[in-house]
Amino acid sequence: MTTQIGRVRGLGSAHAGAHHWWHQKITAGTNVLLVVWLLASIARLPAYDYTTVRLWLHSMWAAVPMVLLIASVFYHFRLGLQVVIEDYAHKENRFVMMILLNVFTAAAAAIAIVSILKVAFGAAA
């Protein structure tokens, strides 16, 4: 037998706990680390022309963290806008807006990741 407080401790009104909150904090941390890496990597480039940046991104040491950065940023973006939609959208529009948000973030992240992979694997522009 458990008490009522024991059954709901750590769960919140939606009975989902702090799962969403933790994902936002983790992606915020990874975003900070990966943006610092990106700025340091770009600062170390000898030039900032198209050819230099393309050669830099052709390296797997640059392409893999860039893909991780894109994935983390777009997931964090989706989590943040989900909270805004849940808090401020009317019930009738909430479902449609969540679907549009998911489609938009998945499509935008996919376009960015495919673009990075095209450069990394040397596909013709």
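Numbers given to residues run from 1 along each chain, matching the order in which its sequence is written. Two thresholds apply to this predicted model, a pLDDT of at least 70 for residue-level local features and 80 or more for giving and counting side-chain atom pairs, whereas whole-chain, interface and lining totals are computed over all residues. Computation of side-chain values: all heavy atoms of the structure, hydrogens and water removed.

**Here we look at the nonpolar core**
Most often, soluble globular proteins keep nonpolar side chains buried together rather than apart.
Here is step 1: Residues Trp56, Leu57, Met66, Ile70 and Ile116 are the most contacted members of the largest nonpolar core, which totals 17 residues.
Here is step 2: Residue contacts for Ile70: discarding those within four places in its chain leaves Ala109, Ala112, Ile113 and Ile116. Note on terminology: a nonpolar core comprises buried Ala, Val, Leu, Ile, Met, Phe, Trp, Tyr and Cys residues joined through side-chain atoms within 4.5 Å. In this scheme, a residue with accessible area under 20% of its type's maximum is buried, one over 50% is exposed, and one in between is partly exposed, where area comes from a 1.4 Å probe on protein chains only. The criterion used for residue contact is that any of the two residues' heavy atoms lie within 4.5 Å.

**A closer look at helix H4 (residues 60–88)**
Here is step 1: Segments assigned H or I by DSSP are reported as helices when at least four residues long, segments assigned E as strands when at least two residues long, and all are numbered from the N terminus. To estimate the expected span of a helix, count its residues, drop one, and scale the result by 1.5 Å. The terminal C-alpha atoms of H4 lie 42 Å apart, and with 29 residues this matches the ideal 42 Å at 1.5 Å per residue to within 8%.
Here is step 2: Listed as buried for H4 are Ala62, Ala63, Pro65, Met66, Leu69, Ile70, Ser72, Phe74, Arg78, Leu79, Gln82 and Ile85.
Here is step 3: Among the structural elements, helix H2 (19–43), helix H3 (50–58) and helix H5 (91–120) are those in contact with the buried residues of H4.

**Things to note about the packing of aromatic side chains**
Here is step 1: Pairs were defined over the aromatic rings of Phe, Tyr and Trp, the Trp ring being its six-membered one, requiring ring centres within 6.5 Å. Orientation was assigned from the angle between planes: stacked under 30 degrees, edge-to-face over 60, tilted for the rest. Counted according to the given criterion, the structure contains 4 aromatic pairs.
Here is step 2: When the ring of Phe74 is compared with that of Phe77, the centres are 6.5 Å apart and the planes differ by 80 degrees; the resulting orientation is edge-to-face. Of the two residues, Phe74 and Phe77 both sit in helix H4, 3 residues apart, roughly one turn of that helix.
Here is step 3: We classify Phe77 as partly exposed; its relative accessible area is 34%.
Here is step 4: Put simply, the rings of Phe74, Phe77 and Phe104 touch in pairs and so form one group of aromatic residues.

**Focus: the packing of H3 against H4**
Here is step 1: Throughout, an axis means a line fitted to C-alpha atoms (over the contacting stretch in the case of helices), and angles, computed between N-to-C directions, take values from 0 to 180 degrees. Where H3 meets H4, the closest approach of the two axes is 5 Å, and the angle between their N-to-C directions is 80 degrees. Taken together, the axes of H3 and H4 are roughly perpendicular relative to one another. Listed contacts from H4 to Trp56, Leu57 and His58 of H3 are Met60, Ala62, Ala63 and Met66. Any angle that falls under 35 degrees is termed roughly parallel, while one over 145 is termed roughly antiparallel, one within 65 to 115 roughly perpendicular, and all others oblique.

**A word on a nonpolar patch on the surface**
Here is step 1: Surface patches are defined over residues having more than 30% relative accessible area and no salt bridge, joining like charges when they lie within 9 Å and nonpolar side chains (Val, Leu, Ile, Met, Phe, Trp, Tyr) when within 5 Å. Note that accessible areas follow from Shrake-Rupley with a 1.4 Å probe, and for residues the cover is restricted to the protein chains shown. We define a salt bridge as a side-chain nitrogen of Lys or Arg found within 4 Å of a carboxyl oxygen belonging to Asp or Glu. Together, Met60, Val64, Leu68, Leu117 and Phe121 give the surface a local cluster of nonpolar side chains, amounting to about 480 Å² of exposed area.
Here is step 2: Considering every element that reaches the nonpolar patch, the biggest residue donor is H4, with 3 residues.

**Examining the UniProt feature "transmembrane region" (unreviewed entry) in the protein chain**
Here is step 1: UniProt positions are given in the numbering used here, feature names are shortened, and annotations may be inferred rather than shown by experiment. Within the UniProt annotation, "transmembrane region" (unreviewed entry) is assigned to residues 26–43, 55–75 and 95–121.
Here is step 2: As annotated, residues 26–43 has a helix share of 100% and a strand share of 0%, and its two end C-alpha atoms lie 26 Å apart.

**Comments concerning the environment of Ala89**
Here is step 1: Tracing the backbone shows Ala89 in the loop between H4 and H5.
Here is step 2: Non-local contacts of Ala89, meaning those with residues more than four positions away in its chain, are made with Val84, Arg94 and Met97.

**Examining the confidence of the model for the protein chain**
Here is step 1: The pLDDT value tells you how sure the predictor is about a given residue, anywhere from 0 up to 100. In the predicted model, the protein chain carries a mean pLDDT of 89, and 84% of its residues have values of at least 70.
Here is step 2: Across the protein chain, element-level confidence peaks in H4 with a mean pLDDT of 96 and bottoms out in helix H1 (residues 4–8) with 62.

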